[in-house]
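One letter stands for each residue in the lines below.
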Amino acid sequence: MPKTSRFSIYLRIIRLGLPILIGQIGMIIVGFADTKMVGLYSTESLASASFVNNLFNVCIFASVGFTYGLTPLIGSLFTQGRYKAIGMMLRNGLLLNIFFALGITAIMTIVYFNLHRMGQPEELLPLIRPYYVIYLTGIIPVAVFNVFAQWAYAINRTRMPMWIILSANALNIFGNWLLIYGNWGCPELGLTGAGLSTLIARLVCPIAIIVVFFCKKDYREYKLGFREGGFTGRCMSQVSRTSWPVALQMTFESGSFSAAAIMAGWIDAVSLAAFQVTVILGTLGFCVYYSMAAAVSVVVSNAAGTGDSKGMRHTAFAGYKILLVLATMSSAVFVFFGPDLLRQFTNDPAVLAAGLSLIVPLVIYQYGDATQINFANALRGTSQVMPMIWIAFVSYVVIGLPATYILAFPLELGIYGIVLSFSVSLFIAAALFMVYFLRASRPLPQQAQ
């Protein structure tokens, strides 16, 4: 491939990834703002929000992961110019994702009626219950928005979802200010106000993107395909085959982090607090890597649509080089500004000391995280995603969880061992995702001749 063509791949990944990155940064900012504003209101509200948010993390990741199955399918159709087929695929994908979100809602409703059995302090339950119900109500809107967002990403319109996300985030922060503290004559609702503000923002996102989809003239052919296309078993089967593996992969990955948090709590409260702060910092890196990796998935799917195996591989490794640079930049931030970042979340000297001791394992796992995100998304772009299920299960559950326990307890490394264990599962997953991507992007016999 000519150098100019390779250079253009870098530019395309960055051009597609930057709007996603800006949207991710906006979500990080609103998450930090939520935590600070609720925390300043009361410690009980912060503890209740932490419990509910962590309880829903696995569900949200699973729901969002299920929407990712649409990206390679739509990206391939986009390259072929089959715009009406994209509209029909979107219609079928939307229905499947709504059913998936309803299933998650049903499961979490059962959990709601058993909150009193989860060992939480009795005095927190009056705060937890209304916040939980509000959070539960937002699952379906999140799924609907992400379905249309994946459509936009796959047709290379990444800026439109970015502006919607940023606007909703600003609305969320303003709503927090109004409803948590009761400003401008609004009722002072505390944690419930924060939940309502988040729900309003989550409702605005799907409404806005649906209005754009149906009203913008540029999307006329997609709209015709959406309206005229029926629900077909073949189309739903295609979406299911690419959606379930990604959803399960993200469930296993996020579930392993949740299990690690439980193990951190077995040590002591300081270790648990240090773990939470460290994971928040790690999330900064994850969101940066995900943004560019999502662009890699789109470009790989476009190349797959024309059978360009060389283009698929060049895209994946161009994206990997970009992510390695980003991982190095994130690591430098953690090393040089770690103490200042930690102080944004706690003033407890013991937690700060424990958090500082975790900078080294935090930096190590950045490279594993960047690698597995890149090649997982590259593999997703090929639509050959079935291996993602067992790769995630083996890496995060079969190997990752025992490694976390062994490093923390039998080897007596404590919280340091827990964070260090992330590198074990992430690097194993990274290697397997890379191997299977290389298999999925092999040239066809006629191409190799």
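None of the values given here were measured: they were computed from a predicted structure.

Thresholds applied
Throughout, residues of each chain are indexed from 1 in the direction in which the sequence is written. Where local features are concerned, this predicted model is filtered to residues with pLDDT of at least 70; where side-chain atom pairs are given and counted, the filter is 80 or more; whole-chain, interface and lining totals use all residues. Hydrogens are left out, water is left out, and the side-chain values use all remaining heavy atoms of the structure. Note on conventions: DSSP H or I runs of at least 4 residues are helices, E runs of at least 2 residues are strands, and numbering of each starts at the N terminus. Only protein chains enter the calculation, and the probe is 1.4 Å; a residue is then buried if its accessible area is under 20% of its type maximum, exposed if over 50%, and partly exposed in between. Think of a salt bridge as a Lys or Arg side-chain nitrogen and an Asp or Glu carboxyl oxygen that are within 4 Å of each other. What counts as a ring pair is set by centres within 6.5 Å for rings of Phe, Tyr and Trp (its six-membered ring), and what kind of pair is set by the plane angle: stacked under 30 degrees, edge-to-face over 60, tilted for all other angles. Residues forming no salt bridge and having over 30% relative accessible area are the ones grouped into patches, like charges within 9 Å of each other and nonpolar side chains (Val, Leu, Ile, Met, Phe, Trp, Tyr) within 5 Å. Residue exposure ignores everything except the shown protein chains as possible cover, and the areas themselves are Shrake-Rupley values with a 1.4 Å probe. Any two residues having at least one pair of non-hydrogen atoms within 4.5 Å are treated as being in contact. Contacts described as polar in this section are N or O atom pairs within 3.5 Å, which, within protein, must combine one atom able to donate a hydrogen with one able to accept it, while residues neighboring in sequence count only if both atoms come from side chains. Between the first and last residue of a helix there are one fewer steps than residues, each counted as 1.5 Å, and that sum is the expected span. What we call the bend at a residue is the angle made by axes fitted to the seven residues finishing there and the seven residues starting there. The definition of a nonpolar core used throughout is a set of buried Ala, Val, Leu, Ile, Met, Phe, Trp, Tyr and Cys residues joined through side-chain atoms within 4.5 Å. Whenever a helix is involved, its axis is fitted only over the stretch in contact; in every case the axis is a line through C-alpha atoms, and angles between N-to-C directions fall within 0 to 180 degrees. Here roughly perpendicular refers to angles of 65 to 115 degrees, roughly parallel to angles under 35, roughly antiparallel to angles over 145, and oblique to all remaining angles. For this classification, Asp, Glu, Lys and Arg are treated as charged, while Ala, Val, Leu, Ile, Met, Phe, Trp, Tyr, Cys and Pro are nonpolar and the rest, including Gly, are polar.

**Describing unusual backbone geometry**
- Located in the positive-phi region is Asn-156, a residue other than glycine, with phi close to 70°.
- Residue placement: Asn-156 occurs in the loop between helix 6 (139-154) and helix 7 (159-181).
- The phi torsion at Ser-383 lies on the positive side, around 75°, for a residue other than glycine.
- Positionally, Ser-383 belongs in the loop between helix 14 (359-381) and helix 15 (387-408).
- Residue classification places Ser-383 among the partly exposed residues on the basis of a relative accessible area of 28%.

**Some thoughts on the pattern of salt bridges**
- In total, this model carries three salt bridges according to the counting rule given.
- Here Asp-218 makes a salt bridge to Arg-157, at a shortest N to O gap of 3.9 Å. Pair noted here: Asp-218 is in the loop between helix 8 (191-215) and helix 9 (220-228) and Arg-157 is in the loop between helix 6 and helix 7, with a separation of 61 residues, a long-range link.
- Of the charged contacts in the structure, one is a salt bridge between Lys-216 and Asp-218, with a shortest N-O distance of 3.9 Å.
- The partly exposed category is assigned to Lys-216, whose relative accessible area is 36%.
- The exposure class of Asp-218 is partly exposed, given its relative accessible area of 49%.
- In this structure, a network of salt bridges that share partners links the residues Arg-157, Lys-216 and Asp-218.

**Here's the deal with the packing of aromatic side chains**
- Within the structure shown, the criterion is met by 33 aromatic pairs.
- Their ring planes at 70° and their centres at 5.5 Å tell us that Tyr-83 and Tyr-222 sit as a pair that is edge-to-face. Of this pair, Tyr-83 sits in helix 4 (residues 83-112) while Tyr-222 is found in helix 9, placing the two residues 139 residues apart along the sequence.
- Taking the centre distance of 5.5 Å and the plane angle of 85° together, the rings of Tyr-365 and Phe-422 count as edge-to-face. Of this pair, Tyr-365 sits in helix 14 while Phe-422 sits in helix 16 (residues 414-440), and the two are 57 residues apart along the sequence.

**Quick look at a nonpolar patch on the surface**
- Together, Ile-262, Trp-266, Tyr-405, Ile-406, Leu-411 and Leu-413 line one region of the surface with nonpolar side chains, adding up to about 630 Å² of accessible area.
- Of all the secondary-structure elements, those providing two or more residues to the nonpolar patch are helix 10 (233-267) and helix 15.

**Observations concerning the environment of Arg-12**
- Looking at where Arg-12 falls in the secondary structure, it is placed in helix 1 (residues 3-41).
- Through-space distance from the C-alpha of Arg-12 to that of Ala-295 is 8.3 Å; in sequence the pair is 283 residues apart.
- Not counting residues within four places of it along the chain, the set of residues in contact with Arg-12 comprises Asn-156, Val-299 and Asn-302.
- A polar contact is formed between the side chain of Arg-12 and the side chain of Asn-302, at a distance of 2.5 Å.

**Comments concerning helix 15**
- The terminal C-alpha atoms of helix 15 lie 30 Å apart, and with 22 residues this matches the ideal 32 Å at 1.5 Å per residue to within 8%.
- Where helix 15 bends most, the angle comes to about 45°, and this point is Gly-400, followed within four residues by the proline Pro-402.
- Taken as a whole, helix 15 has its buried residues at Pro-387, Met-388, Ile-391, Ala-392, Ser-395, Tyr-396, Gly-400, Ala-403, Thr-404, Leu-407 and Ala-408.
- Buried residues along helix 15 sit against helix 10, helix 14 and helix 16.

**Brief notes about helix 3 (residues 70-79)**
- When you tally the buried positions in helix 3, you get eight out of ten residues, the bulk of the element.
- Taken as a whole, helix 3 has its buried residues at Leu-70, Thr-71, Pro-72, Leu-73, Ile-74, Gly-75, Ser-76 and Leu-77.
- Gly-81 sits one or two positions beyond helix 3 and adopts a positive phi of about 75°.

**So, the environment of Gly-87**
- Inspection of the secondary structure assignment puts Gly-87 in helix 4.
- Gly-87 sits in the buried class, given a relative accessible area of 0%.
- Excluding residues that lie within four positions of it along the chain, Gly-87 makes contacts with Tyr-222, Gly-225 and Phe-226.

**Structural notes on the nonpolar core**
- Ranked by size, the top nonpolar core spans 134 residues in total, and within it Ile-13, Phe-148, Trp-151, Phe-275 and Ile-418 carry the most contacts.
- The biggest single contributor to this core is helix 11 (residues 269-305), with 16 residues.
- Leave out the neighbours within four places in its chain, and Phe-148 touches Leu-90, Leu-94, Ile-209, Ile-210, Phe-213 and Phe-226.

**Considerations on the packing of helix 6 against helix 7**
- At a minimum axis distance of 8 Å, the contact between helix 6 and helix 7 shows a crossing angle of 145°. Along its contact with helix 6, which presents Phe-145, Ala-149, Trp-151, Ala-152 and Tyr-153, the element helix 7 presents Met-160, Pro-161, Ile-164 and Ile-165.

**Details of the packing of helix 13 (residues 349-357) against helix 14**
- Put simply, helix 13 and helix 14 touch, their axes get as near as 4 Å, and they point 40° apart. As far as their axial angle goes, helix 14 and helix 13 are oblique. Contact residues: helix 13 offers Gly-355, Leu-356 and Ser-357, while helix 14 offers Ile-359, Val-360 and Pro-361.
- Residues belonging to the contact of helix 13 with helix 14 are distributed by class as follows: four nonpolar, two polar and no charged.

**Notes on the side chain of Thr-382**
- Tracing the backbone through its elements, the reader meets Thr-382 in the loop between helix 14 and helix 15.
- Looking at Thr-382, its side chain comes within polar contact range of the main-chain oxygen of Leu-379, at 2.6 Å.
- Ignoring sequence-local partners within four residues, the contact set of Thr-382 consists of Val-300, Met-312, Phe-437 and Ala-440.

**Quick word on the environment of Val-288**
- Within the element layout of this structure, Val-288 appears in helix 11.
- It is 7.9 Å that separates the C-alpha atoms of Val-288 and Ile-25, two residues lying 263 residues apart in sequence.
- Beyond its immediate sequence surroundings of up to four residues, Val-288 is in contact with Leu-21 and Leu-326.

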